[in-house]
Amino acid sequence: MKAQELRALGTAELEKRLHELLREQFNLRMQQRTGQLSMPSQVKAVRRDISRVKTLMTEQTKAAAGTGQ
């Protein structure tokens, strides 16, 4: 998911998306441990998406607080 798409979402939607990504990350880890993971690159992609969502949530929090940095 691209950052531009995520920027259009509100705080509640970002939190929901983060929860979904964390659940997906857990499921991928379980598949990896049991040897059922067909595409190992998915783990990296999900980890990066989680980082994007957390970064945008932090940006929104700082913007709401008025610091701007």
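Whatever comes next refers back to the structure up there.
Residues numbered from 1 in each chain as written. Predicted model: local features only at pLDDT ≥ 70, side-chain atom pairs only at ≥ 80, totals over all residues. Heavy atoms only, no water.

J.: Where do I start with helix α2 (residues 11-34) in this structure?
T.: Residues lying three or four places apart along an α-helix face the same way, a consequence of the helix completing one turn every 3.6 residues. The first and last C-alpha atoms of α2 sit 35 Å apart over 24 residues, in line with the 34 Å expected at 1.5 Å per residue. Buried residues of α2: Leu 14, Leu 18, Leu 21, Gln 25 and Leu 28, and no others. The inward-facing, buried residues of α2 abut α1 (3-7) and α3 (41-65). One or two steps after α2, the chain reaches Gly 35, where phi turns positive at roughly 80 degrees. (Helix = DSSP H or I, 4+ residues; strand = E, 2+ residues; numbered from the N terminus. Expected span 1.5 Å × (residues − 1). Buried < 20%, exposed > 50% of the residue type's maximum accessible area, 1.4 Å probe, protein only. Contact = heavy atoms within 4.5 Å.)

J.: Can you help me understand the packing of α2 against α3 in this one?
T.: When two helices pack together, their arrangement is given by the angle between the helix axes and by the axis-to-axis distance. Packing of α2 against α3 leaves a shortest axis separation of 9 Å and a crossing angle of 155 degrees. Considering their axes alone, α2 and α3 lie roughly antiparallel with respect to each other. In terms of crossing hand, the pair formed by α2 and α3 is left-handed. Taken together, the residues of α3 that come into contact with α2 (itself represented by Thr 11, Leu 14, Glu 15, Arg 17, Leu 18, Leu 21, Leu 22, Glu 24, Gln 25, Leu 28 and Gln 32) are Gln 42, Val 43, Val 46, Arg 47, Asp 49, Ile 50, Val 53, Lys 54, Leu 56, Met 57 and Gln 60. Of the residues that constitute the contact of α2 with α3, the class distribution is 11 nonpolar, 5 polar and 6 charged. (Axes fitted to C-alpha atoms, helices over the stretch in contact; angles between N-to-C directions. Parallel < 35°, antiparallel > 145°, perpendicular 65-115°, else oblique. Left-handed = near helix turned anticlockwise from the far one by under 90°. Nonpolar A, V, L, I, M, F, W, Y, C, P; charged D, E, K, R; others polar.)

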